[in-house]
Amino acid sequence: MVNGKEGSCYPPSTIHHSLLPMYDILVIGSGPGGYVAAIRAAQLGFKVACVEKDKTLGGTCLNVGCIPSKALLESSELYHQTQHELEQHGIEVGKTSLNWDKMLERKSTIVKQLTGGIAMLFKKNKIDSFVGTATFNADKTVTVGSEKLSAKHIIIATGSVPSSIPGLEVNQETVLDSTGALALKKVPGKMIVIGAGAIGLEMGSVYARLGTEITVVEALDKIVPSMDGEVGKAFLRVLQKQNMKFMLSTKVGKATLGKKGVTLSITNDKNEASELTADCVLVAIGRKANTEGLGLDAVGIKKDERGRITVNKNFETNVPGIYAIGDVIAGPMLAHKASEEGVVCVEMIAGQKPHINYDVVPAIVYTHPEVASVGLTEEEAVAKGIEIKKAKFLFMANGRALALGTKEGFVKLIADKNTDRLLGAHIMGPRASDLIAELALAIEFKASAEDVARTIHAHPTLAEVTKEAALGLGSGAIHS
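Residues numbered from 1 in each chain as written. Predicted model: local features only at pLDDT ≥ 70, side-chain atom pairs only at ≥ 80, totals over all residues. Heavy atoms only, no water.

Further remarks concern the overall build of the protein chain. Helix and strand counts for the protein chain come out as 14 helices and 23 strands. Expected size for 480 residues packed as a compact globule is a radius of gyration near 23 Å; at 24 Å, the protein chain falls within 12% of this value. Taken along the three principal axes of its C-alpha coordinates, the protein chain extends 70 × 60 × 50 Å. Split into buried and exposed, the 480 residues of the protein chain put 50% on the buried side. When contacts within the protein chain are restricted to residue pairs at least 6 apart in sequence, long-range pairs at least 24 apart make up 64% of them. For the protein chain, the distance from the average site of its 53 positive side-chain charges to the average site of its 52 negative ones is 3 Å. (Helix = DSSP H or I, 4+ residues; strand = E, 2+ residues; numbered from the N terminus. Rg over C-alpha atoms; globule rule 2.2 N^0.38 Å. Buried < 20%, exposed > 50% of the residue type's maximum accessible area, 1.4 Å probe, protein only. Contact = heavy atoms within 4.5 Å. Lys, Arg positive; Asp, Glu negative; His and termini not counted. Charge placed at Lys NZ, Arg CZ, Asp CG, Glu CD.)

It is worth spelling out empty space enclosed by the protein at this point. For the structure shown, the criterion picks out 1 cavity of 30 Å³ or more. A volume near 40 Å³ is recorded for the largest cavity. Looking at the largest cavity, the residues that line it are Pro 162, Ser 178, Ile 199, Val 283, Ala 284, Ile 285, Gly 286 and Arg 287. Its residues assigned to classes, the lining of the largest cavity comprises 5 nonpolar, 2 polar and 1 charged. (1 Å grid on protein atoms, 1.4 Å probe; cavity = no way out; pocket = protein on both sides within 12 Å on 5 of 7 lines; lining within 4 Å. Points joined across faces, edges and corners; volume = space filled by probe spheres on them. Nonpolar A, V, L, I, M, F, W, Y, C, P; charged D, E, K, R; others polar.)

When you line up the elements, Glu 85 lands in the loop between α3 (66–84) and α4 (100–124). The charged side chain of Glu 85 is buried without a salt bridge, its nearest counter-charge being Arg 209 at 8.4 Å. Setting aside residues no more than four positions away along its own chain, Glu 85 makes contact with Glu 77 and His 80. (Salt bridge = Lys/Arg side-chain N within 4 Å of Asp/Glu carboxyl O.)

A separate point is the packing of helix α1 (residues 32–43) against helix α9 (residues 335–349). α9 packs onto α1 with a crossing angle of 30 degrees between their chain directions and a minimal axis gap of 7 Å. Judged by the inter-axis angle, α1 sits roughly parallel to α9. Here the hand of the crossing between α1 and α9 comes out right-handed. Of the residues in α9, those in contact with Pro 32, Gly 33, Val 36, Ala 37, Arg 40 and Ala 41 of α1 are Ala 335, Ala 338, Ser 339, Gly 342, Val 343, Val 346 and Glu 347. The class makeup of the residues in the contact of α1 with α9 is 8 nonpolar, 3 polar and 2 charged. (Axes fitted to C-alpha atoms, helices over the stretch in contact; angles between N-to-C directions. Parallel < 35°, antiparallel > 145°, perpendicular 65-115°, else oblique. Left-handed = near helix turned anticlockwise from the far one by under 90°.)

Moving on, we get to the nonpolar core. Side chains that are nonpolar tend, in soluble globular proteins, to be buried together. Grouped together as the largest cluster of nonpolar side chains are 52 residues, with contacts concentrated most on Phe 122, Phe 136, Ile 155, Ile 156 and Ile 301. At 7 residues, α1 tops the list of elements feeding residues into this core. Once residues within four sequence positions are removed from consideration, Ile 155 is found in contact with Ile 25, Leu 26, Val 27, Ile 28, Ala 37, Tyr 323, Ile 325, Cys 345, Val 346 and Ile 349. Counting residues in each nonpolar core, the second largest holds 39 residues, with Val 216, Leu 236, Leu 239 and Phe 246 among its members. (Core = buried A, V, L, I, M, F, W, Y, C linked by side-chain atoms within 4.5 Å.)

Okay, structure coming up:
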């Protein structure tokens, strides 16, 4: 309780030094890791505060990441369907026009609703929220503006920021990062996307659907390198059919900014140099841990060679009582991974014995079709020396997929040949992001392929493709 109020949001200047609060848990950052940790801590009876540098809660994910990008992906897909796919359903429409401002407005409305929802949850759970940048002091207190906060346990959940390319300075007009790509004033005619990871492919597909000429430049010889190889190759072919151009094994050099756009120097794997020109360039080469301005050196918190905070199995840093979760530590930079770590970290502080299985963290690319995976890829399983069996079933053989008009893609399952235990699942197809949950649960509980195959799946559903793939690991799929 501060100034006689609970669950409120205070600018730091409203709190007097003499009222220095002592919290049980202080969370720095209100993204999916931070706000979930704060709520779980409050549920367990702790006195909790959360510091957020921005005026709205939710971090990158809710404000300029996961949520706004998915809103634009959905809107752009509907625009594309109206232009190219409704006729096959017997729906004839006149000339389709794009209202970009309206599309952006819808995105912002969704973001506002969700960030406001977190503020309500903080109030409900009596979590004090402070606006400002948190900096550690040598005595393990935290300065926010001109004030100090203290707590028995402090959780760092400051997330990540976009990685940059030397010599290619982001100005959010002609050179963009993921944040700028969500708020362009108009749809560009040409865009170069540097990086063929999830962010680059998702934002590239948004603008490709809206008519932008997209060229993706990737230093590696494949897209989404962590993806199962067979799925990755099929995914590349699908995106190429959607008029996205790819230049793989290509490195980016000098960028020249002009009045009408950007000219980018590139070099391929044969050391052949050339230039690309576009209205704008999206730099989507990944993200890095956000630790700038935290004052970690003041308390001696250690970082690894990539600038991530090092923690033990309980998420505690080398400084007792200070913890870190989410993108700021090692592991995949995914919102759901951060949220799970937030819950587990707090429960460990409370003396409970929760667990987190990093072998079962789903990864998703929200293009159309979607791509989702969990567990081992075929390449990873082989590298581990596991004798495997694999099976694949196509969506084009599924009645529900045909009715939806989204028949492209497949479910691929990998299992241990000797034990039948499910090891990995990879989906490219409609609603893959939802279908992967069943398979994540199966792997978490060490289910066999037969367990999945003998589970009754409703008909007609897309989930039947999962069942058929599981059957393919045994006596054989029914519908192929």
